[in-house]
Amino acid sequence: MAKPKLKSLADLKGKFAHYEDYEAKLHDLSLRIAEVNRLNKDSAGHDAIGKKYHEVVDKPTENLTGTVKYIGKSLGRVTTAGKDSKDITDKADEQAGENAGDW
């Protein structure tokens, strides 16, 4: 019976490459959301109508900001993990080849 072999995909880093694009797009989105939030805070006013408006609108926009930030951090961790996994499997393949030469 053959021993199982750990082998990385040749394009493993490529599988995670799009995550960097997603991170960049989320960063752009977060900048736009921050600008919308700034405009929202500045333009609604501070009278009774403005205060009521902020009671309704501010919390959802804060939640959206937090969600986009969380997704961005998660994508960053996935991107890093993918690169690290590829580096580890490449190093393991290299060391296995060197050790095989010792036999």
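Placed above this text is the structure.
Bear in mind that the values here come from a model prediction, so they are computed numbers and not experimental data.

A. Summary view of the overall build of the protein. Helix and strand content of the protein: two helices and zero strands. Residues classed as buried in the protein amount to 18% of the 103 residues present. The contacts of the protein with a sequence gap of at least 6 include a subset with a gap of at least 24, amounting to 74%. Of the roughly 8,300 Å² that the protein leaves accessible, carbon and sulfur atoms contribute 61%.

B. Geometry of the pattern of salt bridges. For the structure shown, the criterion picks out four salt bridges. A salt bridge links Asp58 to Lys41; its shortest N-O distance comes to 3.3 Å. Of this pair, Asp58 sits in helix α2 (residues 48–102) while Lys41 is found in helix α1 (residues 12–43), placing the two residues 17 residues apart along the sequence. We classify Asp58 as buried; its relative accessible area is 13%. Three or more residues joined by partner-sharing salt bridges are found here, namely Glu35, Arg38 and Asp42.

C. Expanded view of the layout of surface pockets. Roughly 160 Å³ of volume is contained in the largest pocket. Lining the largest pocket, in full, are Glu23, Leu26, His27, Ser30, Ile33, Ala34, Thr65, Val68, Lys69, Gly72 and Lys73. Sorting the residues of the lining of the largest pocket by element identifies α1 and α2 as the ones contributing at least two each. When its residues are assigned to classes, the lining of the largest pocket shows four nonpolar, four polar and three charged.

D. Highlighting the side chain of Asp58. Within polar-contact distance, the side chain of Asp58 engages the side chain of Asn40 at 3.3 Å. In terms of polar contacts, Asp58 uses its side chain to reach the side chain of His54, at 2.9 Å. Leave out the neighbours within four places in its chain, and Asp58 touches Asn40 and Lys41.

How each quantity is defined
- Here, residues in each chain are numbered from 1, in the same order as that chain's written sequence.
- Under the rules for a predicted model, residues below a pLDDT of 70 receive no local features and side-chain atom pairs below 80 are neither given nor counted, while totals for whole chains, interfaces and linings still include all residues.
- No hydrogens and no water enter the side-chain calculation; it runs on all heavy atoms of the structure.
- Per the convention used, a helix needs a DSSP run of H or I reaching at least four residues, while a strand needs a run of E reaching at least two, with both numbered from the N terminus.
- Each residue is assigned to one of three classes by its accessible area relative to the maximum for its type, calculated with a 1.4 Å probe on protein chains only: buried under 20%, partly exposed between the two thresholds, exposed over 50%.
- Contact definition: two residues touch when any of their heavy atoms are within 4.5 Å.
- Note on areas: these come from Shrake-Rupley sampling with a 1.4 Å probe, and a residue is covered only by the protein chains present in the view.
- Note on definitions: salt bridges are taken to be side-chain nitrogens of Lys or Arg within 4 Å of carboxyl oxygens of Asp or Glu.
- Here a cavity denotes grid points, spaced 1 Å and computed from the protein atoms alone, that fit a 1.4 Å probe unable to get out, and a pocket denotes an open set having protein on both sides within 12 Å along at least 5 of 7 lines; residues with an atom within 4 Å of a point are the lining.
- Grid points are joined across faces, edges and corners, and a volume is the space filled by probe spheres set on the points.
- All amino acids are sorted into three groups, where Ala, Val, Leu, Ile, Met, Phe, Trp, Tyr, Cys and Pro are nonpolar, Asp, Glu, Lys and Arg are charged, and the leftover types, Gly among them, are polar.
- We define a polar contact as two N or O atoms separated by no more than 3.5 Å, with the added condition that, inside protein, one atom must be a possible hydrogen donor and the other a possible acceptor, whereas residues neighbouring each other in sequence contribute only through side-chain atom pairs.

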